[in-house]
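Each chain, letter by letter, is given below.
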Amino acid sequence: AQKVTQTQTSISVVEKTTVTMDCVYETRDSSYFLFWYKQTASGEIVFLIRQDSYKKENATVGHYSLNFQKPKSSIGLIITATQIEDSAVYFCAMREPSGSWQLIFGSGTQLTVMP
Amino acid sequence: EAGVTQSPRYAVLQEGQAVSFWCDPISGHDTLYWYQQPRDQGPQLLVYFRDEAVIDNSQLPSDRFSAVRPKGTNSTLKIQSAKQGDTATYLCASSPGQGALEQYFGPGTRLTVL
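Residues numbered from 1 in each chain as written. Chains lettered and ligands numbered in written order. Predicted model: local features only at pLDDT ≥ 70, side-chain atom pairs only at ≥ 80, totals over all residues. Heavy atoms only, no water.

J.: Any chance you could explain the interface of chain B and chain A here in plain terms?
T.: It is common to give the size of an interface as the accessible area that goes away when the parts come together. Each partner contributes to the interface: chain B provides 20 residues, whereas chain A provides 18 residues. Interface area for chain B against chain A, summed over the two sides, is near 1500 Å², with a carbon-plus-sulfur share of 50%. Among the residues chain B hides against chain A, the three largest losses belong to Leu101(B), Glu102(B) and Phe105(B). Together they make up 37% of the total. Counting across the interface, chain B meets chain A through one salt bridge. Of all elements in the fold, only strand S4 (31–37) and strand S5 (44–50) of chain B reach the threshold of two or more residues within the side of chain B that touches chain A. Class assignment of the residues belonging to the side of chain B that touches chain A gives a composition of ten nonpolar, six polar and four charged. (Contact = heavy atoms within 4.5 Å. Buried area = accessible area lost by both parts, 1.4 Å probe. Salt bridge = Lys/Arg side-chain N within 4 Å of Asp/Glu carboxyl O. Helix = DSSP H or I, 4+ residues; strand = E, 2+ residues; numbered from the N terminus. Nonpolar A, V, L, I, M, F, W, Y, C, P; charged D, E, K, R; others polar.)

Laid out in structure tokens, this is it:
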């Protein structure tokens, strides 16, 4: 069965530094899609970045990038030059055909960016 | 382009009461999802529709929860006889087709059952 695990409950960093959030997943499919979403303090959930399993290149969008290690079933989110407004809960999620294309979320990592 | 809208934003009930949540997806999005997000957890899918048809409601507690999308646009999620364990945020999301990869989330309804 598909499963997404985020073991880091919370992380604190100083602004303008780089942070990496970990995520591992379980899947029986050869093709699947991995996502990172951000949930702000107001509760809004925003899509950040996606990695397609068949692509070897790590996805990058703005100051977000991914560290995709397929043999380890790992998809880390890297945020460079962090800003105070990056403080939020970050969710890793996966979709796969055998899971009826449902979006399965991890439990989230609370990021706090301090001045 | 307007985003996904939901109402009410907050609801407080006593156990045994009923409540309905309403969702208006992004215009043109044919796929609509309802999620339950307990405190300090990720969202968990309850049910989703393509147009007016239910595609998957296997995780909807059918004895007390129901969801409809009669015209393939707006949707209502209803809880009959709420329990304290239903306390959570209920999120609606939409996407332009089941094959579309990204989903766009509404602000959610925060439900507290006393």
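Alright, that's what it looks like, and here's the rest.
J.: I keep staring at unusual backbone geometry and nothing clicks. Help me out?
T.: Outside of glycine, negative phi angles account for most residues, and trans bonds account for most peptide bonds. Following Ser7(B), the chain continues into Pro8(B) via a peptide bond in cis, with omega recorded as -10°. Note on placement: Pro8(B) falls in the loop between strand S1 (5–7) and strand S2 (10–13). Here Lys16(A), not a glycine, exhibits a phi torsion of approximately 80°, which is positive. Within the secondary structure, Lys16(A) is located in the loop between strand S2 (10–14) and strand S3 (19–21). Phi at Ala81(A) is positive, roughly 50°, even though this residue is not glycine. In this structure, Ala81(A) sits in the loop between strand S9 (74–79) and strand S10 (88–95).

J.: What exactly am I supposed to notice about the nonpolar core here?
T.: The biggest cluster of nonpolar side chains holds 25 residues, and the ones touching the most others in it are Trp36(A), Ile75(A), Leu77(A), Tyr90(A) and Leu111(A). Residue assignment for this core shows that the elements contributing at least two residues are S2, S3, strand S5 (33–39), strand S6 (45–52), strand S8 (64–69), S9, S10 and strand S12 (109–114) of chain A. Here the element with the most residues in this core is S10(A); it accounts for four residues. Counting 23 residues, the second-largest nonpolar core is a separate cluster that includes Leu13(B), Val19(B), Leu46(B) and Leu60(B). (Core = buried A, V, L, I, M, F, W, Y, C linked by side-chain atoms within 4.5 Å. Buried < 20%, exposed > 50% of the residue type's maximum accessible area, 1.4 Å probe, protein only.)

J.: Would you mind going over the layout of surface pockets with me for this structure?
T.: Where empty space is left becomes clear once a probe the size of a water molecule has been rolled over the atoms. Of the volumes computed, that of the largest pocket is approximately 720 Å³. Gln39(A), Gln37(B), Arg39(B), Asp40(B) and Arg110(B) are, among the 31 residues lining the largest pocket, the residues nearest its centre. Examining the composition of the lining of the largest pocket, we find that four residues originate from one element, strand S11 (residues 109–113) of chain B, more than from any other. Considering every element that reaches the lining of the second largest pocket, the biggest residue donor is S6(A), with three residues. (1 Å grid on protein atoms, 1.4 Å probe; cavity = no way out; pocket = protein on both sides within 12 Å on 5 of 7 lines; lining within 4 Å. Points joined across faces, edges and corners; volume = space filled by probe spheres on them.)

J.: Please explain the packing of aromatic side chains as it appears in this structure.
T.: Any aromatic ring pair is given by two values, namely how distant the centres are and how the planes are angled relative to each other. Counted by the stated rule, this structure contains 14 aromatic pairs over all chains. Look at Tyr37(A) and Phe105(B): their rings are 5.6 Å apart centre to centre, the planes differ by 80°, and that puts the pair in the edge-to-face class. Residue Tyr37(A) is located in strand S5, and its partner Phe105(B) is located in strand S10 (residues 104–105); the two belong to separate chains. Taking relative accessible area as the criterion, Tyr37(A) reaches 0% and is therefore assigned buried. Aromatic side chains Tyr33(B) and Tyr48(B) sit 5.1 Å apart centroid to centroid with 25° between the ring planes, which places their arrangement in the stacked category. Pair noted here: Tyr33(B) is in strand S4 and Tyr48(B) is in strand S5, with a separation of 15 residues, a long-range link. Here Tyr33(B) matches Tyr48(B) in class, with each residue buried. (Phe/Tyr/Trp six-rings, centres within 6.5 Å; stacked < 30°, edge-to-face > 60°.)

J.: Please clarify how the environment of His63(A) should be interpreted in this entry.
T.: Residues and elements named next belong to chain A. Within the secondary structure layout, His 63 lies in the loop between strand S7 (60–61) and S8. Through-space distance from the C-alpha of His 63 to that of Gly 43 is 22 Å; in sequence the pair is 20 residues apart. For His 63, the contacting residues outside a window of four places in its chain are Ile 78, Ile 79, Thr 80, Ala 81 and Asp 86. Within the structure, His 63 has its side chain in polar contact with the backbone oxygen of Thr 80 (distance 2.7 Å). Side chain to side chain, His 63 and Asp 86 meet in a polar contact 3.4 Å long. (Polar contact = N/O pair within 3.5 Å; in protein donor to acceptor, adjacent residues only side chain to side chain.)

J.: Can you help me understand the side chain of Asp56(B) in this one?
T.: Mapping Asp56(B) onto the fold places it in strand S6 (residues 53–56). Arg95(A) provides the closest opposite charge to the buried, salt-bridge-free Asp56(B), at an N-O distance of 10 Å. A distance of 2.9 Å separates a polar atom in the side chain of Asp56(B) from a polar atom in the side chain of Gln102(A). Discounting chain neighbours no more than four positions away, the residues touching Asp56(B) are Ser100(A), Gln102(A), Leu46(B), Val47(B) and Tyr48(B). (Lys, Arg positive; Asp, Glu negative; His and termini not counted.)

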